[in-house]
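# Analysis of the macromolecular model
Here is how the chains run, residue by residue.
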Amino acid sequence: RDAAAAATDRSAVLGDILCPRDDGARTETRWDVFLDPSDDACAAVVDALLRGPVGDAFEELCGGPAAPLREYSAVVAAPGAPPQPIHADTAWTDAPVLFTCFVA
């Protein structure tokens, strides 16, 4: 949150996220915080994931390590935030265009 609050261009550090407000308030309760995959700690997490079952699934679904990483981010919710509504991240297509992995 500190990096997002200090940023002059919020779109550089925050993505759009479907986020209901608490009780009609204007206060944001959920943030999609972009992470830097070249950061050593972030790269270590991606490497660990790709060496296990997640990597096996992406290998099969995406065709291998040359597939582009579209977004690497953390979804952060404030305590007591309402749940995010069920939604699609892309428009419907006959063939898959995006594979998503959530890690808790």
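Each residue is numbered by its place in its chain's sequence as written, counting from 1. Predicted model: local features are reported for residues with pLDDT of at least 70 only, side-chain atom pairs are reported and counted for 80 or more only, and whole-chain, interface and lining totals are derived from all residues. Side-chain numbers come from the whole structure's heavy atoms, not from hydrogens or water.

## Topic: the overall build of the protein chain
Helix numbers and strand numbers start at the N terminus; a helix is a DSSP run of H or I with at least 4 residues, a strand a run of E with at least 2. The helix and strand inventory of the protein chain stands at three helices and three strands. Listing every helix and strand of the protein chain by position from the N terminus yields α-β-β-α-α-β. Partly exposed describes any residue whose relative accessible area lies between the buried limit of under 20% and the exposed limit of over 50%, with all areas from a 1.4 Å probe on protein chains only and scaled to the type maximum. By the burial criterion, 14% of the 104 residues in the protein chain qualify as buried. Residues are treated as being in contact if the distance between any of their heavy atoms lies within 4.5 Å. Taking the contacts inside the protein chain whose residues are at least 6 apart along the sequence as the reference set, 59% of them involve residues at least 24 apart. Total accessible area on the protein chain is roughly 8,100 Å²; 56% of this is exposed by carbon and sulfur atoms. Calculation of accessible area relied on Shrake-Rupley with a 1.4 Å probe; when residues are assessed, cover is drawn exclusively from the protein chains displayed.

## A few points about the layout of surface pockets
Considered as a void within the structure, the largest pocket measures approximately 1,500 Å³ in volume. Taken together, the elements giving at least two residues each to the lining of the largest pocket come down to helix 2 (40-50), helix 3 (53-62) and strand 3 (73-77). Note on residue classes: Ala, Val, Leu, Ile, Met, Phe, Trp, Tyr, Cys and Pro are nonpolar, Asp, Glu, Lys and Arg are charged, and everything else, Gly too, is polar. For the lining of the largest pocket, the per-class residue count stands at 25 nonpolar, seven polar and six charged. Detection works on a 1 Å grid of protein atoms alone, calling trapped sets that fit a 1.4 Å probe cavities and calling open sets with protein on both sides within 12 Å along at least five of seven lines pockets, with lining residues defined by an atom within 4 Å of a point. Grid points are joined across faces, edges and corners, and a volume is the space filled by probe spheres set on the points.

## Some details on the pattern of salt bridges
A side chain of one charge can pair with a side chain of the opposite charge when the charged atoms of the two come close. When a carboxyl oxygen of Asp or Glu lies within 4 Å of a side-chain nitrogen of Lys or Arg, that pair is called a salt bridge. Following the criterion strictly, the structure yields one salt bridge and no others. In this structure, the salt-bridge partner of Arg51 is Asp47, at a minimum N-O distance of 2.8 Å. Accessibility expressed as a relative area gives 67% for Arg51, which makes it exposed. Taking the relative accessible area as the measure of exposure, Asp47 reaches 35% and is therefore partly exposed.

## As for the environment of Trp31
With respect to the helices and strands, the residue Trp31 is situated in strand 2 (residues 30-34). When the C-alpha atoms of Trp31 and Val75 are compared, they prove to be 5.7 Å apart, with 44 residues separating the residues in sequence.

## Some words on the confidence of the model for the protein chain
One number per residue, pLDDT, summarises how confident the predictor is, and it ranges from 0 to 100. Mean pLDDT over the protein chain: 79, with 75% of residues reaching 70 or higher. Confidence, expressed as mean pLDDT per element, reaches its minimum in the protein chain at helix 1 (residues 2-6) with 55 and its maximum at helix 3 with 92.

## Some remarks on the side chain of Asp32
Tracing the chain through its elements places Asp32 in strand 2. In this charge count, Lys and Arg are treated as positive and Asp and Glu as negative; neither His nor the chain ends contribute. Buried and without a salt bridge, Asp32 has Arg70 as its closest oppositely charged side chain, separated by 8.8 Å. For the purposes of these results, a polar contact is taken to be a pair of N or O atoms within 3.5 Å, where, inside protein, one atom must be able to donate a hydrogen and its partner to accept one; residues adjacent in sequence count only when each atom of the pair is a side-chain atom. There is a polar contact of 2.7 Å between the side chain of Asp32 and the side chain of Ser73.

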